[in-house]
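Working through the structure, step by step
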Amino acid sequence: MDLKDWFANRKKNNETAQAKQILSTEEYCALWISCFQCRELLYTRDLRQNLQVCPKCHYHFRIGALDRIEHLSDANSFCETEANLISSDPLKFFDTLSYEDRLKEANQKSGLKEAIITGTCTIQGHPACLAAMDFGYFGGSMGSVVGEKITRIIELACDQRLPLIIISSSGGARMQEGILSLMQLAKTSAALKKLHDCAILYISVLTEPTFGGVTASFAMLGDIIIAEPGARIGFAGRRVIEQTIRQKLPADFQTAEYLLKHGQIDMVIERAKLPQTIANLIDLHSLDCNQPKPEAIAKTPLKIH
Amino acid sequence: MTTGKLPPLEFELPLANLNTQIEALERQLPSNPALEQEILELHKQYDNLKRSIYGNLRAIDRLAIARHPQRPYTRDYLDRFDPNWIELHGDRHGVDDPAMVCGLLKLGNYRVLIVGTQKGRNIREKQLCNFGMPQPEGYRKALRCFKHAEKFNLPIITLIDTPGAYPGMAAEEHNQAQAIAYNLFELANLKVPIISVILGEGGSGGALAIGLTNTILMLENSVYSVISPEGCASILWRSPTKVQEACESMKITAQENKDLGIIDDIIEEPLGGAHHNWNLIAKTTQNYIIKYLDKLNIENDIVEHRTRKFRKIGCFKD
Ligand SMILES: [Zn+2]
């Protein structure tokens with residue numbers, strides 16, 4: 001399905017859902033959700049209208065890549081790139097299920113082809129390259145496709161001299177692609193080095209959860225690093241650390257706020273303010289305004305004494 | 001400490017048992033010369049068994065060899081490459097992580113920087129080195145030394161033997177992920193030839209953080225993987241007993257990594273593993289490094305050579 005169709009369909013579905021009167025139990029449950037943090041019973045439509053943020057405690061629910069794109073980019077501005085890049089099964093990996101079956105399952109569950117969507121768009125009028133990861137597809141894990149799509153969107157940002165925004169949400173590298181997954185850390189980081197050398201702005205947005213190989217590569221390499229409130233971000237998982245050091249970790253360990261306190265990220269920004277913040281940051285980095293005009297340079301007198 | 005009696009690994013047990021049998025008969029030989037024929041026969045059996053065991057090592061057997069407590073570590077190689085090597089310490093920001101060893105030395109006709117992870121031989125050393133798992137400060141120390149080598153146009157050799165980056169509270173607070181990511185970022189653009197050798201365990205991001213190099217070599221019995229086989233087994237199979245399946249599925253051996261196009265060459269080990277002859281494996285490794293330094297010397301764009309190598313890695317349908 002084309003992305004534009006998806007956005008259009010969803011609008012239609014929302015309208016029909018509102019028109020319905022009598023509900024079965026199943027539908028009733030689908031309409032109500034208990035907040036993970038404050039346990040408040042929330043009407044899903046209200047939650048959606050509030051960008052999946054609990055109106056009571058401001059808990060930020062996970063949102064998918066499509067919702068993320070819809071929220072960040074100006075209406076009808078998003079053009080998807082590399083939509084047809086899909087995973088193969090290079091290792092013929094088999095645990096309790098084959099990797100191929102797991103890919104199919106991930107596709108059926110999420111409706112996505114991979115754990116990331118990339119493209120170009122405008123954000124409050126500013127042209128940009130945008131990549132959004134989706135935890136709902138295979139835990140947002142990075143295999144060859146995620147690594148390649150990230151690399152290609154970085155290269156596009158480089159070619160077109162567009163600022164780059166990557167929204168991360170991932171459990172880390174995809175084990176089913178073995179060492180090939182690990183190498184995606186190297187590939188994406190090397191591509192970012194080139195972008196860096198072109199002096200193009202890269203804003204990394206960390207969302208619930210961002211871990212492992214994704215944190216240890218492109219997610220932590222932003223010129224500016226933003227995190228959403230309460231998002232858990234780290235290299236090693238909490239359980240692994242607790243087993244290693246044999247002690248309990250503080251409750252707020254590895255949260256966005258904890259990272260801010262420890263100097264690892266620039267800011268924690270609530271979801272509703274994200275588009276404006278990103279637009280402002282892009283504006284503050286637009287090179288055209290920074291470069292002195294040629295006549296200004298000529299007018300500066302040379303002082304030789 | 002190059003040969004001598006070593007406790008057998010699990011897959012070596014049949015060999016060890018046969019050996020005990022032969023030794024027992026040999027002790028009886030002076031009083032019973034008729035045993036000679038039987039002993040000769042058993043020796044033949046022993047040689048056949050040895051060939052068949054070491055010729056058919058499973059991934060999990062190689063993992064055991066890679067983790068052998070008497071396998072030579074980074075410092076053992078440094079001492080043998082150049083007894084006069086000079087160690088460089090510290091990240092210049094308050095910490096010197098002993099799990100990351102950096103040194104300047106001569107390797108044949110080359111002057112090089114070597115940076116490697118160190119596991120620690122005895123209990124005290126192991127604790128200091130966190131069993132070969134560097135802290136973020138260790139990766140930053142490595143990067144400081146990489147920059148030093150670049151400034152003086154010294155080729156860099158990295159020696160990798162780590163279960164992974166250290167997963168601790170302070171390590172997270174000091175941004176382990178950023179330390180690894182930033183090394184990858186900077187390694188991609190260093191203007192000198194870089195070669196890495198996986199000596200034992202190439203564990204995940206903690207290994208890759210010094211492994212984004214022009215040439216990657218692996219010792220015959222070393223392993224390189226995205227997660228430890230134990231970690232993989234517990235996550236995917238939800239069972240710690242499925243380590244062998246995880247080893248096979250992830251394709252962690254040197255040959256498999258070569259077949260996947262990740263590494264460039266395999267360094268052959270003495271029969272049974274590097275722990276049987278430290279001097280020999282150090283010499284062989286040195287020869288391989290020099291051979292590949294010679295090859296990299298004729299590359300005219302060393303950065304392009306390195307980034308192109310990693311740009312190509314990945315398997316997908318387009
Ligand atoms: Zn709430």
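Above this text is the structure in question.
As a starting point, this report considers the structure included with it.

Definitions and cut-offs
Residues numbered from 1 in each chain as written. Chains lettered and ligands numbered in written order. Predicted model: local features only at pLDDT ≥ 70, side-chain atom pairs only at ≥ 80, totals over all residues. Heavy atoms only, no water. Pairing = 2+ DSSP bridges. Helix = DSSP H or I, 4+ residues; strand = E, 2+ residues; numbered from the N terminus. Contact = heavy atoms within 4.5 Å. Axes fitted to C-alpha atoms, helices over the stretch in contact; angles between N-to-C directions. Donors = N, O, S within 2.8 Å, 3.2 Å for Na, K, Ca; no water. Tetrahedral: all angles 85-135°; square planar, octahedral: opposite > 155°, others 65-115°. Buried < 20%, exposed > 50% of the residue type's maximum accessible area, 1.4 Å probe, protein only. Core = buried A, V, L, I, M, F, W, Y, C linked by side-chain atoms within 4.5 Å. Buried area = accessible area lost by both parts, 1.4 Å probe. Salt bridge = Lys/Arg side-chain N within 4 Å of Asp/Glu carboxyl O. Nonpolar A, V, L, I, M, F, W, Y, C, P; charged D, E, K, R; others polar. Disulfide = S-S within 2.5 Å. Phe/Tyr/Trp six-rings, centres within 6.5 Å; stacked < 30°, edge-to-face > 60°.

Once that is clear, we can look at the sheet that holds strand β9 (residues 224-227) of chain A. All names here are of chain A. Taken in spatial order, the 7 strands make up an open sheet running β3-β5-β6-β7-β8-β9-β10, and their pairing is mixed. Strand pairing shows two members of the sheet lacking a second neighbour, β3 (79-81) and β10 (267-268), which therefore form its edges. Here strand β7 (residues 164-170) pairs with strand β8 (residues 202-210) via 6 bridges, running parallel. Paired with Ser 168 across the bridge in β8 is Leu 206. Against the sheet, helix α4 (residues 65-72) makes contact with β5 (116-123), β6 (126-133), β7 and β8, and its axis sits at roughly 160 degrees relative to β6, the strand it touches most.

Quick look at the coordination of the zinc ion now. Residues and elements named next belong to chain A. Around the zinc ion, the protein supplies Cys 35 (SG), Cys 38 (SG), Cys 54 (SG) and Cys 57 (SG) as donor atoms, at distances of 2.2 to 2.3 Å. Seen from the zinc ion, its 4 donor atoms lie at angles of 106 to 112 degrees, and the figure they make is tetrahedral. Positions of the donor residues of the zinc ion, expressed as sequence spacing, correspond to C-x2-C-x15-C-x2-C. Taken together, the residues Cys 38 in the loop between β1 (32-34) and β2 (41-43) and Cys 54 in the loop between α3 (44-49) and α4 connect sequence positions 16 residues apart. Among the residues examined, Cys 38 registers a relative accessible area of 25% and is labelled partly exposed.

Grouped together as the largest cluster of nonpolar side chains are 139 residues, with contacts concentrated most on Leu164(A), Ile165(A), Ile203(A), Phe218(A), Ile278(A) and Phe146(B). In terms of residues, this core owes the most to one element, helix α7 (residues 178-197) of chain A, which gives 9 residues. Residues Val197(B), Leu219(B), Ile267(B) and Ile289(B) belong to the second largest nonpolar core, which totals 29 residues.

Further remarks concern the interface of chain A and chain B. With 59 residues of chain A at the contact, the number on the chain B side is 48 residues. Each partner contributes to the roughly 4,600 Å² buried at the junction of chain A and chain B, and carbon and sulfur atoms together form 70% of this total. Its salt-bridge partner being Glu148(A), residue Arg311(B) comes within 3.0 Å of it at the nearest N-O pair. It is α7(A) that contributes the most residues to the side of chain A that touches chain B, 17 residues altogether. Grouping the constituent residues of the side of chain A that touches chain B by class yields 29 nonpolar, 20 polar and 10 charged.

Residues and elements named next belong to chain B. Going through the model one piece at a time under the given rule, you end up with 0 disulfides over all chains. Counting only cysteine sulfurs, Cys 145 is the nearest neighbor of Cys 102, a cysteine outside any disulfide, at a range of 3.7 Å. Cys 247 takes part in no disulfide bond, and the closest cysteine sulfur to it belongs to Cys 232, at a distance of 8.8 Å. Judged by its relative accessible area of 0%, Cys 247 is buried.

So, on to the environment of Asp318(B). Inspection of the secondary structure puts Asp318(B) in the segment after β9 (316-317). For Asp318(B), a relative accessible area of 63% gives the class exposed. Residues within four places of Asp318(B) in sequence aside, it is in contact with Glu82(A), Asn84(A), Leu85(A) and Arg152(A).

In this section: the packing of aromatic side chains. The geometry of an aromatic ring pair comes down to the distance between the two centres and the angle between the two planes. Residues and elements named next belong to chain A. For the structure on display, the rule yields 11 aromatic pairs over all chains. Note on Tyr 59 and Phe 61: the rings are 5.1 Å apart at their centroids and 85 degrees apart in plane angle, and the pair reads as edge-to-face. For the pair Tyr 59 and Phe 61, one class covers both residues: buried. Among the aromatic residues, those joined into a cluster by ring pairs are Phe 36, Tyr 59 and Phe 61.

Shape is all these values report; function is a separate question.
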